[in-house]
Amino acid sequence: MNGPRAGGWALVTGASTGIGREIARLAARDGWSVVAVARTRSLLEELAADLGARRGVEVLPIAADLTEPGAADRVFDETRRRGIEVDFLVNNAGVGFSGWFHETASRRHRVMVSLNVGALVELTSLVIPGMVERGRGRILNVGSAAGFVPGLGFTTYAATKSFVLYFTEGLAAELRGTGVTASLLAPAAVATPFLDKAGIPEPPRWQRWSVADARDVARAGYRGALRGRVLIVPGFGLPVALLSRLFPRRSWRWIGRLVARRFLRNLTARKEES
Ligand SMILES: NC(=O)c1ccc[n+]([C@@H]2O[C@H](COP(=O)([O-])OP(=O)(O)OC[C@H]3O[C@@H](n4cnc5c(N)ncnc54)[C@H](OP(=O)(O)O)[C@@H]3O)[C@@H](O)[C@H]2O)c1
């Protein structure tokens, strides 16, 4: 199987902060040029200046809101206009929100679905024909350990990440023998701005061991994807994945409700304290 060459182009969504930024850094360190996509232009330009200057690679920042209709097409068209062939696609941009489904504004559900699912599928479908034609390529989809079980209190988010899990596994099987691979990175909690944006306060000190470092998670995803591994489940994500197989499906609705009640009660209490 032909592996993609370092020195080719990686396209990383959500490259302005967190896991995406760390993956962009790792790729650039290995000699990949990077198309960095997110909404915040200033952060992308900072990253481009940093990576470009230090590593001598090309970085193309594209500021785009991937929840807007046609945004994935515009990003892809921009790469084509510049003659860029994407050999490594990292679908990492994602948002989450915690709270009971019926108390959450419909706009939040729409944004989660259109970014975590819609943009990921669209970009993949735009990039993949070229990869298959060239007989080489890597796709890394960032899911979550939340995708292994029904995520009560996170219902829409967990469902989007379940989609990413099944989509990636199906794609990986379809792509066998083409030289292109699809991988899923499914971490549990990671220390990035995501937690705060999703409305999850910093865990108490005794619980911090369960929150992974963004660089470690990025490294696991980056290396696993280049090796063509299908499931990459770092840190605390692994016991969640294993337990999801161990207990019967219906028990997860019951376990999920217990966890969600406790989690959302703590969340409300901590929000009121702060
Ligand atoms: N942190 C965790 O605990 C955790 C656990 C499991 C899985 N994950 C997954 O990991 C992935 C990366 O998250 P992270 O933890 O690194 O969080 P993060 O630091 O908040 O990164 C999210 C990235 O997505 C971009 N983004 C958000 N909305 C966008 C939009 N509408 N259009 C384009 N880009 C957008 C953000 O940039 P802009 O705001 O500049 O657009 C940012 O670069 C997500 O898919 C998340 O679901 C995170």
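Please refer to the structure higher up on the page.
Heads up: these notes are all about the structure in this document.

The buried fraction of strand β2 (residues 33-38) amounts to 6 of the 6 residues, a majority that puts the element mostly inside the structure. The side-chain alternation of β2 yields two buried faces, one formed by S33, V35 and V37 and the other by V34, A36 and A38. Relative to β2, strand β1 (residues 9-13) is paired through 5 bridges, and the arrangement is parallel. Note that in β2 the partner of T13 across the bridge is V37. Regarding topology, helix α1 (residues 18-29) serves as the crossover connection from β1 to the parallel β2, and that connection is right-handed. Bridge count between β2 and strand β3 (residues 59-63): 5 bridges; the pairing is parallel. Bridging across to β3, V35 finds its partner in L60.

Another point: the sheet that holds strand β4 (residues 86-91). Sheet architecture is open: 7 strands sit in the order β3-β2-β1-β4-β5-β6-β7, paired in parallel fashion. Where the open sheet ends on each side, the last strands, each with one partner, are β3 and β7 (231-232). Here α1 sits on the sheet in contact with β1, β2, β4 and β5 (137-142), set at roughly 170° to β1. Packed on one face of the sheet, helix α7 (residues 214-227) meets β5, β6 (180-185) and β7 and runs near 145° to β5.

Let's shift gears to the site of the ligand. In the region of the ligand, 31 residues are neighbours, and G14, G18, R39, G94 and F194 sit closest. When contributions to the shell around the ligand are tallied by element, the ones reaching two or more residues are α1 and α6 (193-197). No other element matches the 4 residues that α6 contributes to the shell around the ligand. Among the residues forming the shell around the ligand, the class breakdown is 15 nonpolar, 13 polar and 3 charged.

Reading guide: rules and limits
Residues numbered from 1 in each chain as written. Predicted model: local features only at pLDDT ≥ 70, side-chain atom pairs only at ≥ 80, totals over all residues. Buried ≥ 20, exposed ≤ 12 C-beta atoms within 10 Å, placed from the backbone. Helix = DSSP H or I, 4+ residues; strand = E, 2+ residues; numbered from the N terminus. Pairing = 2+ DSSP bridges. Right-handed = clockwise from strand over helix to strand, strands pointing away. Contact = placed C-beta atoms within 7 Å. Axes fitted to C-alpha atoms, helices over the stretch in contact; angles between N-to-C directions. Near = placed C-beta within 6 Å. Nonpolar A, V, L, I, M, F, W, Y, C, P; charged D, E, K, R; others polar.

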